[in-house]
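# Summary of structural features
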Amino acid sequence: MLHPDRLFPSDPTQRAIARRLYGEVAALPIVSPHGHTDPSWFAQNEAFPDPASLFVKPDHYAFRMLYSQGIPLEQLGVPRKDGGETSTDSRAIWRLLASNWHLFRGTPTSMWLTHAFETVFGVTERLSAASADRIYDQIEECLRKPEYRPRALFERFNLEVLATTESPLDPLVHHKAIRESGWKGRVITAFRPDPVVDPEFEGFRDNLAELARITGKDTATWDGYLAALADRRLYFKSYGATSTDHGHPTAATADLARPEAEKLFDIVRRGGATAEESELFRAQMLTEMARMSLEDGLVMQIHPGSFRNHNDVVFQRFGRDKGADIPSGTEYVRALKPLLDRFGNERDLTIILFTLDEDSYSRELAPLAGHYPALRVGPAWWFHDSPEGMRRYREMITETAGFYNTVGFNDDTRAFCSIPARHDVSRRVDCSFLARLVSEHRMEEDEAADLAVDLAYRLAKNAYKL
Amino acid sequence: MLHPDRLFPSDPTQRAIARRLYGEVAALPIVSPHGHTDPSWFAQNEAFPDPASLFVKPDHYAFRMLYSQGIPLEQLGVPRKDGGETSTDSRAIWRLLASNWHLFRGTPTSMWLTHAFETVFGVTERLSAASADRIYDQIEECLRKPEYRPRALFERFNLEVLATTESPLDPLVHHKAIRESGWKGRVITAFRPDPVVDPEFEGFRDNLAELARITGKDTATWDGYLAALADRRLYFKSYGATSTDHGHPTAATADLARPEAEKLFDIVRRGGATAEESELFRAQMLTEMARMSLEDGLVMQIHPGSFRNHNDVVFQRFGRDKGADIPSGTEYVRALKPLLDRFGNERDLTIILFTLDEDSYSRELAPLAGHYPALRVGPAWWFHDSPEGMRRYREMITETAGFYNTVGFNDDTRAFCSIPARHDVSRRVDCSFLARLVSEHRMEEDEAADLAVDLAYRLAKNAYKL
Amino acid sequence: MLHPDRLFPSDPTQRAIARRLYGEVAALPIVSPHGHTDPSWFAQNEAFPDPASLFVKPDHYAFRMLYSQGIPLEQLGVPRKDGGETSTDSRAIWRLLASNWHLFRGTPTSMWLTHAFETVFGVTERLSAASADRIYDQIEECLRKPEYRPRALFERFNLEVLATTESPLDPLVHHKAIRESGWKGRVITAFRPDPVVDPEFEGFRDNLAELARITGKDTATWDGYLAALADRRLYFKSYGATSTDHGHPTAATADLARPEAEKLFDIVRRGGATAEESELFRAQMLTEMARMSLEDGLVMQIHPGSFRNHNDVVFQRFGRDKGADIPSGTEYVRALKPLLDRFGNERDLTIILFTLDEDSYSRELAPLAGHYPALRVGPAWWFHDSPEGMRRYREMITETAGFYNTVGFNDDTRAFCSIPARHDVSRRVDCSFLARLVSEHRMEEDEAADLAVDLAYRLAKNAYKL
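If you look chain A up in an unreviewed UniProt entry, it shows as Uronate isomerase from Azospirillum palustre. Per UniProt, the comment on chain A under Pathway (unreviewed entry) is "Carbohydrate metabolism; pentose and glucuronate interconversion." The UniProt entry for chain A carries the following text under Sequence similarities (unreviewed entry): "Belongs to the metallo-dependent hydrolases superfamily. Uronate isomerase family."

Right under this line is the structure:
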């Protein structure tokens, strides 16, 4: 099912170049600096239970499409937050995916799943109602074998390093267990402070209390709160973290005078903040985080512009991350100015900007990153982590920011088996883009070959200090 | 003039696939679920008077381009609302089109007209000052023949169904006449309530009075007004309508509590509404219409984002729909939330979203339609109903929403003879897009062949319940 | 290093057509109606001092990229406004460019520089740390020769006309000197009134005083101020100006009643205007300028949407135009309405709209220019003056506005030696776009050949009345 030339341009000149470039990068180790796999997999190394639990239930790309066509999430085994009933019949769930496989035509989900089916599990026929049970059985049989345990797959996937993402309140027990197990796989954490810096996050006040408990700092004062965060950053660093990650609704930043910041914190920690005050507090915290990054060296990632939990019914019933996060227009030029006025010219700081608003590529992000020493543009993200999305990204970023103000690829996934597929798509699309430039004599092939390795491996390693 | 490979990619691999795919759909009947042809043509079946009256005077695509280059609309025979003089010399109007034919190079208008000239009227030379009279004579001669009457053309165009668009105040006499004539052509209406749900529509208060008169309901009360609308929807349904259509300036929706809605209606019906109140009323009415759709099964189309009648001088002199409607940025994610909170998870409701703001394809519409069961994305619309526009549409929609959250093609035209041309362009562009996916091994050719028929025929039929 | 097929599509069918079309335009004279070269070069005709002074220090495209990767502007010889030290070691500056040449891979800067190195200075090896000194020496040797003086290069570049841009306060001594020198090169000025119409421009009040001094008008009154501007426009016209240029932060226009305008001017000239009042004054002045253009025939260019001097540290230290101008979202449809209501239907007025916000191409600019007689769309600008940028421009503009509502190419450059390179890129990209249309049978080749000359030469000449 996987053609060796997949994703390469059909033009023979370009395809020949793309093949050669891809040949340089196909076997490189995977550097995965940003993602959402579960560290307990690698700590406990237990077998994945069954195909539906591996490929459907946890993958919002898969179940959002099925849901959009009228299949209830309960039938897809998505666990209910409210305790309501949900299917536990994995084979039935799998059959639903199989009989609706046509819905995924032309989507990256179909490419990722097909890649995993074939390269990981040896499946050689297309998923369909007719083949559903055969493929289910084949994958399930594999999953019982030791070579399909998480650590074995990690090694087989040629993962040089894999970052997970945790809340500052997470004790990192799994990362500790991995370290103490003696296993050589490099699984590191990343510091995601949203639960303790976003006043609108569920349980924010309790989270501050928990932060105090963990760190022994007084999080009822501005200084104590900042000290607690600095403390947790160092703790995360001790478990390999090289980066922080900030999932704010907008890219707003602020640089308040100390008394104003203190006063705002006081309002926020008491729980009575207005929407504007919450936004201002998040904005201020991005600048505080940048300041701390300059001190402790953690690379800062800003992931703005998602309207989280847009579907209220789904949120109440199933909770977060259920395919109902919708991008919205995101402004960077005015939003980032306070932070950039303070830290934009720092050469020892790296802030990686992501967007879900592709308009901002050529209009805002490339011009900003093509000027400010502290800024880099993160890869095509989420809905745009796809062949067309990646192509647009290169076409709109490169001419203004070049390649070296970008940072390689992020797989950003919860779906472990999709990691090799996603990096492979990225490598193929980048090689195809470079092949076009070479074929149009906009670059020599030796330059493209050097760049191919940068884009597939070196840029991520350097930008994330891995 | 029409090359059999027009609009196919020049790459031989892709072109060969595109040809094969197009071969599967070229002869399929045309399903036209949304458009603005005049039902009196089919009711009365009179000959079209002359080439200028058929191709120039009613086609804002044609005369806006000529106007933009300094040719007065009066010289193009566009009727003046203010009673001022306008050209009635059809041959002179035609010569203006012909001698400015170069202005249309690279535009869909040139493709549509060329297609109609050649396939409908047998014209085989390019329009120019030199050929103007010959082509005029040739078309005029055809128009005198019975086989060029509207019903004969309808049949020759292989139209399976054609929807027109009418105001709730329209008595649908032409649809009645068509039905009673015994002619088999399926011409149905669609329910376009803007004149009675938009407080800023010309004559809104008079329109409410007329609505009362027609339905016998008391449109001075909120309940009576809603009942009158529900009543007219059923009347339209009885003339074949399967859809409603809403041409609001924005996508704003609201879900007011009943007392608030009643109060707002009271302000609005008295004629003293502010711009904000008018906007809120339109927003509320979208949610009311969705509620009624859930009851009567009419598919709901939302066409927001056109700044209507932007050119005040042209509006005063010539009225609506004179090529002076200009798109503007349109936000969907926040705008639709009130409606979606109430009805977004309904599997028995279909809301088709259109846009003139291509940014919203990948950022808002595809993510929304790829999640909410009630949502679908309408085809590339108006200025984007063009080869490049359709290509961008597929490239930006497909990876997130797939093909099955789209609804096939709408020709959306007032220009009857352009209908086959427009559907042909759509089929060719979709087949070319699919051919690229096949050539890049992102899909198998059998899947593409199945999809080609879906995109050309089945999706429209299913989505619009035709 | 320059391949004869560079920038042409690799598909053999398209490439063959592109070659033929380019053959028609490659040798056409260059019409450069908008740019920022220094007229003193042509007045004084002195040798350019050295490679770094020619290619690095004045080129914000070059030094912004190097700065973004951590190289201080001082090391690149960019002069400090605050009198601080900056490198004067041209060879060291050159080596910095050379050893970081990989940063420019895939950027237009690399194409422009390579084109100038090879076609102007005969360089035949790639710039690198290893070749830096050799190339430096070769260019420096050339620069000492008379045939590398500005006037000789002007002639060699086949420049039919070159427009510079000056403030109304500029006495145009260099243009006067050029005229009086008897040299035949046509170097004209363009009227850029930002310093005297933008209340937020540095030194605005002093500028008004200077305007009074130069013109003898009383710029403390609204009438006197307008008369002074009309006066300077005529003075500029006498030095060949055919256009004005307006670099506002937004596209806002206004059409205030006379007493309001007078009152606003009174606030503004006293220096106490709020941000809103300044914006309104700029908006009013665009409409005043359009009125004057209708009187004196100067073509009006509006260049909105750049957030100037975004980096405060860089602005304080180095001043304007240091690569820190960042585009931002720009709205046209509502913004231009007041001006268009007054003058949009004038056939004797030409207003050329530019954008840094590519979204506006298909959504706003093409629909506006495809309707209003007074409007044209300017070429892809600044960050979008690049192969991908130009391609997107044609793809998004053409189907709605056609080719004839565009105005050819602007090089818009301060880098004299990049002028032939930039026009060559534009010609190649346009021919490639046309070749695709021909190869897809969307246009005949004779039409494309005619258009190629229009796009490369005639449209600029006509639109700018040159």
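Having seen the structure, we can now continue with the description.
Counting secondary structure elements, chain A contains 20 helices and nine strands. Computed over its C-alpha atoms, the radius of gyration of chain A comes to 22 Å, within 12% of the 23 Å expected for a compact globule of 466 residues. Overall, chain A is about 65 × 60 × 45 Å in size when its C-alpha atoms are taken along their principal axes. Relative to its full complement of 466 residues, chain A shows a buried share of 66%.

In this section: the relation of the copies chain C and chain A. When chain C is fitted onto chain A, the two copies agree to an RMSD of 0.0 Å after a turn of 120 degrees and an axial shift of 0.0 Å. Accordingly, the operation relating the two chain copies is best matched by a three-fold axis. Every residue of chain C has its C-alpha some distance from the rotation axis, and the shortest such distance is that of Asp11 of chain C, at 3.6 Å. A share of only 4% of interface residues in chain C that are also interface residues in chain A marks the association as one of differing surfaces.

Next up on the list: helix 6 (residues 108–121) of chain C. Residues spaced three or four apart along an α-helix point in a common direction, a consequence of the helix completing one turn every 3.6 residues. Residues and elements named next belong to chain C. In this model helix 6 runs 19 Å from its N-terminal to its C-terminal C-alpha over 14 residues, within 8% of the 20 Å that 1.5 Å per residue would give. Counting buried residues in helix 6 gives 12 out of 14 residues, a clear majority hidden from the surface. A positive backbone phi angle near 70 degrees is found at Gly122, which sits one or two residues after helix 6.

When chain B is fitted to chain A, the residual RMSD is 0.0 Å, and the transformation amounts to a turn of 120 degrees plus an axial shift of 0.0 Å. Counting the interface residues of chain B, we find that no more than 4% of their copies in chain A are interface residues as well, pointing to two distinct contact surfaces.

Right, let's talk about the pairing of strand 4 (residues 243–246) of chain A for a bit. Residue and element names in this part refer to chain A. In strand 4, alternate side chains face the same way, and those of Ser243 and Asp245 on one face and Thr244 and His246 on the other are all buried. Where strand 4 lies against strand 5 (residues 299–302), four bridges are found, and the strand directions are parallel. In the sheet register, Ser243 faces strand 5, and the bridge partner there is Val299.

Turning next to the interface of chain B and chain A. Accessible area lost on assembly of the parts is the figure often given for the size of an interface. Facing 45 residues of chain B, the contacting portion of chain A comprises 50 residues. Buried surface at the junction of chain B and chain A, summed over both partners, amounts to about 3,900 Å²; 48% is from carbon and sulfur atoms. On the chain B side of the interface with chain A, the three residues burying the most area are Arg363, His371 and Glu399 of chain B, jointly 19% of the side's total. At the junction of chain B with chain A, the criterion picks out nine salt bridges. Between Glu447 of chain B and Arg105 of chain A there is a salt bridge, with its nearest N and O atoms 3.9 Å apart. Along the contact surface separating chain B from chain A lie 34 residue pairs in polar contact (both at pLDDT 80 or more).

Let us now look at the domain arrangement of chain A. Residues and elements named next belong to chain A. Per the domain assignment, the segments making up chain A are domain 1 (12–46 + 150–463) and domain 2 (47–148). In this assembly, 35 residues from domain 1 lie in contact with 29 residues from domain 2. Taking both sides of the interface into account, the surface hidden between domain 1 and domain 2 amounts to around 2,600 Å²; carbon and sulfur atoms contribute 65%. Among the residues of domain 1 in contact with domain 2, Arg317, Phe318 and Cys417 are the three that bury the most area, contributing 22% of the side total. The interface formed by domain 1 and domain 2 contains one salt bridge. The partner of Arg317 in a salt bridge is Glu74, with the nearest N and O atoms 3.7 Å apart. If you list the elements that add at least two residues to the side of domain 1 that touches domain 2, you get helix 8 (150–156), helix 15 (312–318) and helix 19 (418–439). Along the lines of polarity and charge, the residues of the side of domain 1 that touches domain 2 split into 18 nonpolar, seven polar and 10 charged.

Attention shifts here to the environment of Met111 of chain B. All names here are of chain B. By the element assignment, Met111 lies in helix 6 (residues 108–121). Classification of Met111 by relative accessible area gives buried; the value is 14%. C-alpha separation for the pair Met111 and Pro387, spaced 276 residues apart in sequence, amounts to 10.0 Å. Not counting chain neighbours up to four residues away, the residues in contact with Met111 comprise Leu7, Pro387 and Val425.

Here we come to the side chain of Ser10 of chain B. For Ser10 of chain B, the position within the fold is in the segment before helix 1 (12–25). Of note is the side chain of Ser10 of chain B, whose polar atom sits 2.8 Å from the side chain of Gln14 of chain C. The residues touching Ser10 of chain B, leaving out its near neighbours within four places in the chain, are Arg15 of chain B together with Asp11, Thr13, Gln14 and Ser439 of chain C.

Let us now look at the sheet that holds strand 4 (residues 243–246) of chain C. Two strands in a sheet stick together by hydrogen bonds in their backbones, pointing the same way (parallel) or opposite ways (antiparallel). Residue and element names in this part refer to chain C. Spatially, 4-5-8-9 is the arrangement adopted by the four strands of the open sheet, whose pairing is parallel. Unpaired on one side and paired on the other, strand 4 and strand 9 (375–377) mark the two borders of the sheet. On average, adjacent strands in this sheet sit at an angle of 25 degrees to one another, irrespective of strand direction. Along the sheet, helix 14 (residues 275–296) contacts strand 4 and strand 5 (299–302); its crossing angle with strand 5, the most-contacted strand, is approximately 160 degrees.

Residues and elements named next belong to chain A. Strand order across the open sheet formed by four strands is 4-5-8-9, with parallel pairing between neighbours. Only two strands of the sheet have a single neighbouring strand rather than two, namely strand 4 and strand 9 (375–377). Averaged over all pairs of adjacent strands, the angle between their axes in this sheet comes to 25 degrees, without regard to strand direction. Packed on one face of the sheet, helix 14 (residues 275–296) meets strand 4 and strand 5 and runs near 160 degrees to strand 5.

As a further point, take the interface of chain C and chain A. On the side of chain A, 45 residues touch chain C, which itself brings 50 residues to the contact. Buried surface at the junction of chain C and chain A, both sides included, amounts to about 3,900 Å², of which 48% is carbon and sulfur. Considering only the side of chain C, the residues that lose the most area to chain A are Arg105, His310 and Glu388 of chain C, jointly responsible for 18% of the buried surface there. Our count for the contact surface shared by chain C and chain A stands at nine salt bridges. In this structure, Arg363 of chain A engages Asp357 of chain C in a salt bridge whose closest nitrogen and oxygen atoms are separated by 3.0 Å.

This part covers the side chain of Arg105 of chain A. Turning to its location among the elements, Arg105 of chain A is positioned in the loop between helix 5 (90–99) and helix 6 (108–121). Only 3.0 Å separates the side chain of Arg105 of chain A from the side chain of Asp450 of chain B, close enough to count as a polar contact. Setting aside its immediate chain neighbours within four residues, Arg105 of chain A contacts Thr398, Phe403, Tyr404, Met443, Glu447, Asp450, Leu451 and Asp454 of chain B.

Residue and element names in this part refer to chain A. With respect to the helices and strands, the residue Met292 is situated in helix 14. Among the residues examined, Met292 registers a relative accessible area of 3% and is labelled buried. Remark: the alpha-carbon pair of Met292 and Tyr457, spanning 165 residues in sequence, is separated by 27 Å. Setting aside its immediate chain neighbours within four residues, Met292 contacts Leu226, Leu229, Ala230, Arg233 and Gly297.

Residues and elements named next belong to chain A. Evaluated as defined, the whole model comprises zero disulfides over all chains. No disulfide involves Cys417; its nearest neighbouring cysteine sulfur is the one of Cys142, lying 10 Å away. For Cys417, a relative accessible area of 2% puts it in the buried group.

What follows is about the pattern of salt bridges. Per the stated rule, a full pass over the model turns up 162 salt bridges over all chains. The shortest N-O distance in the salt bridge between Asp424 of chain A and Arg6 of chain A comes to 2.8 Å. On the criterion of sequence distance, the pair formed by Asp424 of chain A in helix 19 and Arg6 of chain A in the segment before helix 1 (12–25) is long-range, its members being 418 residues apart. Look at Asp424 of chain A and you get buried, because its relative accessible area is 9%. Arg91 of chain B is paired through a salt bridge with Asp133 of chain B; the nearest N and O atoms lie 3.5 Å apart. Highlighted residues: Arg91 of chain B in helix 5 (residues 90–99) and Asp133 of chain B in helix 7 (residues 132–143), separated in sequence by 42 residues. The exposure class of Arg91 of chain B is partly exposed, given its relative accessible area of 24%.

Analysis parameters
Residues numbered from 1 in each chain as written. Chains lettered and ligands numbered in written order. Predicted model: local features only at pLDDT ≥ 70, side-chain atom pairs only at ≥ 80, totals over all residues. Heavy atoms only, no water. UniProt positions renumbered as here; feature names shortened; annotations may be inferred. Helix = DSSP H or I, 4+ residues; strand = E, 2+ residues; numbered from the N terminus. Rg over C-alpha atoms; globule rule 2.2 N^0.38 Å. Buried < 20%, exposed > 50% of the residue type's maximum accessible area, 1.4 Å probe, protein only. Least-squares fit on C-alpha atoms with pLDDT ≥ 70 in both. Contact = heavy atoms within 4.5 Å. Expected span 1.5 Å × (residues − 1). Pairing = 2+ DSSP bridges. Buried area = accessible area lost by both parts, 1.4 Å probe. Salt bridge = Lys/Arg side-chain N within 4 Å of Asp/Glu carboxyl O. Polar contact = N/O pair within 3.5 Å; in protein donor to acceptor, adjacent residues only side chain to side chain. Domains from an automatic or database assignment. Nonpolar A, V, L, I, M, F, W, Y, C, P; charged D, E, K, R; others polar. Axes fitted to C-alpha atoms, helices over the stretch in contact; angles between N-to-C directions. Disulfide = S-S within 2.5 Å.

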